[in-house]
Amino acid sequence: MRGVCPLLLLLCGSTCLLASAIPKEEILGAVRDFQHSRHDAGDFTHQASLDVLGRFNLLWKFDSETITFEAHAQTTGYIGLGLSPNGGMEGSDVIIGWVKDGHAFITDRFAEGYFEPRLDAHQDVELLSGYENGTHTVLRFRRRLRPCDTAEDREITEDTQRVIWSFNDHDPVDHGHVGQNGPHVLYHGRNRGTKSIILLQKNPPILDVQDSSILTLELTSANVLVPAKETTYWCNTLRLPTLDRKHHLVKIEPIIQPGHESLVHHMVVYQCKLGQVPPMLDGGHECRHPNMPEEWNNCKSIMTAWAIGGKGFTYPDHVGFSLGTDDDPDYVMMEMHYDNPKRISGERDSSGLRFYYTPDVRQYDAGVLDIGVSSHPAHVIPPGAESFDTAGFCFGLDPYLQELGQPIHVFASMPHAHLAGTAVRTKLVRNGVLQSYVGRDETYDFDLQEIRLLDPEVVVKEGDQLITECTYKTTDRTQVTVGGLSSREEMCINFIQYYPRIKLITCYTALEINQQATFFGIYYAGWEYPFPIYYPANLVNQTVIDVINQHPWTNEEAERFEQHVRNGQVMSYNLPDEANDYQLIDQPADPIVPDDNSVSIPGC
């Protein structure tokens, strides 16, 4: 919508568009979903509680062009809702609304800093309805996904959105005129916050878990004493039910012990066969520890995964994960990542996953393929970088597609990086041209890692390339970041789910330290972290990590190093590993990106 007078006031019958402010500070808000039954979702498809106390609840629905919100706030004053680039106020696209004397008001604003936002030159939000009662204000409004005002309104995409919110018990104060800031909005105080939400998340199919054919199984930790250290990977093996015929796993959901929502970072369930695992240990064992049963290392194929912020996953109606046949797992090994940066001691955990499965098998058996960059310390990310990209390639897929005799269809993905990650994307490249993305989030949030349905499904054919890229920001770090399991180390992977199932389970490339070390004048170093230098002679008493930490890093230097790594060679690493020859391979050229013909926005 456009302003029709200098005051930027648009009258719509008894409703009006006006303006004011939004939060002053950045704060971590609620992380649990809005599940209060007293709020009738009506025709809305999504809902979330933005406030841990349930005082600000948001419902929404969307189509190909617009998104409609309904905000419920526990106030009879104004409410604020915004889309932020980073969870803070500066640069945020802000909406302020209120109800006064039976009339609803709403405005479209832009926050230039930590002060009262100004009115947008174009008012691109449409007020649909609004009312208040003795305790709450409710406003329904609509806006474009791709707004006409591209300078001051943020586009809503399938990426993670940082939604900021606020409210005050008083309506804005009208001084008799509407200036650049509109009626004055009183400071909201502590009534504000931020929450990461995937607003355009595809809704999963509805599964009637009360159906008599749906069976359940809980895979949980057995009162594990969580070690008092920053990062722990805890493994436990569990016996699956003995089934008399083939079944399909059709849904997983997390079981998180109350109070451990931030302690339990992610879970990966691996498949095991009889003879691969010894009798289960009481309570499990720390993963990859020398004392962990050696047989557990045979459990390599991923069955499913969950990560912090995720609500679980329901398979599409035509796909399920096979259980009960000779080719299916008899046991599983559940790997739990505990994130304990404060090194709290004495915590015991019994979190896990709930499986829903059925004898009513579906058309296709699902598989899980882990693609990206090997999580080895040779994956080097410089400190102080505003942006640094890494790429991993799946070179091992074609032999399995040839054996299958048909393409695979990817129906879901779960991008995964750690604290420095800001974006994760997997490109599907065909004949050197970018075709589509097999999962993408350009505003990745470590604390919100959902399995995302792909609609339409992505078809991967023989000869296609899958390139997984990650972008990192390390401006808060003074030392090099390397690949590894800790949250302060980094990963760059994507768990993709597909059908029909093939035998390939991991498809990585690994970075080689000597390929990168030449950037620093190092010509031969050992392969073991921290990579001792053997040549040149004047650096023999140092390691590659020492030299990287001493380097005078700037954004320009980080960009030069990124290009140096991109122009080097990598090693292919696959599981099963019969195809691995551990030879250095040239990286493919960057794909051709088709011209974007959608620069003009319809209707603007």
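We now turn to the structure provided with this report. Predicted model, so just to flag it, every value in this text is computed and none were measured.

1. A few points about the sheet that holds strand β23 (residues 331-339)
Two modes of strand pairing occur in sheets, parallel and antiparallel, and in both the strands are linked by backbone hydrogen bonds.
Argument step 1. On the basis of which strands lie adjacent, the open sheet formed by five strands has the order β19-β16-β23-β18-β20 and antiparallel pairing. Each having just a single partner strand, β19 (285-286) and β20 (301-307) make up the two edges of the open sheet.
Argument step 2. Sheet topology places strand β16 (residues 231-239) next to β19; two bridges connect them, and they run antiparallel. Of the residues in β19, the one forming a bridge with C235 is H285.

2. What about the sheet that holds strand β31 (residues 421-430)?
Argument step 1. The four strands lie next to each other as β29-β34-β31-β32, forming an open sheet whose pairing is antiparallel. Here the strands that pair on one side only, and so sit at the sheet edges, are β29 (388-393) and β32 (433-441). Direction aside, the axes of adjacent strands within the sheet are offset by 25 degrees on average.

3. Concerning the pairing of strand β27 (residues 367-373)
Argument step 1. Burial analysis of β27 places seven of its seven residues in the buried class, the great majority of the element.
Argument step 2. Both β27 and strand β36 (residues 492-499) contribute to a ladder of seven bridges, which runs antiparallel. The residue bridging V373 from the neighbouring strand is C492, located in β36.
Argument step 3. Relative to strand β37 (residues 506-511), β27 is paired through four bridges, and the arrangement is parallel. Considered in β37, the bridge of D370 is made with T506.

4. Regarding the state of the cysteines
Argument step 1. Here the structure, examined in full by the defined rule, presents four disulfides.
Argument step 2. Linked covalently through their sulfurs, C394 and C507 form a disulfide whose S-S length is 2.1 Å. The disulfide joining C394 to C507 has a torsion of about 100 degrees about its S-S bond and is therefore right-handed. Of this pair, C394 sits in the loop between β29 and α1 (398-404) while C507 is found in strand β37, placing the two residues 113 residues apart along the sequence. Across the pair, C507 and C394 agree in class, each one buried.
Argument step 3. Residue C470 pairs covalently with C492 via a disulfide, S to S 2.2 Å. The sign of the S-S torsion, about 100 degrees, decides the handedness of the disulfide formed by C470 and C492: right-handed. Taken together, the residues span a long stretch of sequence, with C470 in strand β34 (residues 465-472) and C492 in strand β36 at a distance of 22 residues. Just as C470 is buried, C492 falls in that class too.

5. A short note on the side chain of R477
Argument step 1. Residue position: R477 is located in the loop between β34 and β35 (481-482).
Argument step 2. No salt bridge forms around the buried R477; measuring N to O, its nearest opposite-charge neighbour D476 is 4.0 Å away.
Argument step 3. Within polar-contact distance, the side chain of R477 engages the backbone oxygen of R488 at 3.0 Å.

6. Here we look at the environment of N203
Argument step 1. One can find N203 in the loop between β13 (192-197) and β14 (215-220).
Argument step 2. Expressed as a C-alpha distance, the spacing of N203 and T45, which sit 158 residues apart in the sequence, is 7.7 Å.
Argument step 3. Of the polar contacts made by the side chain of N203, one reaches the side chain of H46; its length is 3.4 Å.

7. Section: the packing of aromatic side chains
Argument step 1. Enumeration according to the criterion identifies 20 aromatic pairs in this entry.
Argument step 2. Aromatic pair F520 and W553: ring centres 5.9 Å apart, planes at 75 degrees, arrangement edge-to-face. Of this pair, F520 sits in the loop between α2 (513-517) and β38 (524-525) while W553 sits in the loop between α3 (544-550) and α4 (555-566), and the two are 33 residues apart along the sequence.
Argument step 3. Among the residues examined, W553 registers a relative accessible area of 15% and is labelled buried.
Argument step 4. On the numbers, 5.4 Å between centres and 50 degrees between planes, the contact of F520 with F561 is tilted. Placement of the pair is F520 in the loop between α2 and β38 and F561 in helix α4, with a sequence separation of 41 residues.
Argument step 5. Since its relative accessible area comes to 13%, F520 is described here as buried.
Argument step 6. An aromatic cluster is present here, built from F313, Y315, Y364, F411 and Y499 joined pairwise through their rings.

Parameters and conventions
Residues numbered from 1 in each chain as written. Predicted model: local features only at pLDDT ≥ 70, side-chain atom pairs only at ≥ 80, totals over all residues. Heavy atoms only, no water. Pairing = 2+ DSSP bridges. Helix = DSSP H or I, 4+ residues; strand = E, 2+ residues; numbered from the N terminus. Axes fitted to C-alpha atoms, helices over the stretch in contact; angles between N-to-C directions. Buried < 20%, exposed > 50% of the residue type's maximum accessible area, 1.4 Å probe, protein only. Disulfide = S-S within 2.5 Å. Lys, Arg positive; Asp, Glu negative; His and termini not counted. Salt bridge = Lys/Arg side-chain N within 4 Å of Asp/Glu carboxyl O. Polar contact = N/O pair within 3.5 Å; in protein donor to acceptor, adjacent residues only side chain to side chain. Phe/Tyr/Trp six-rings, centres within 6.5 Å; stacked < 30°, edge-to-face > 60°.

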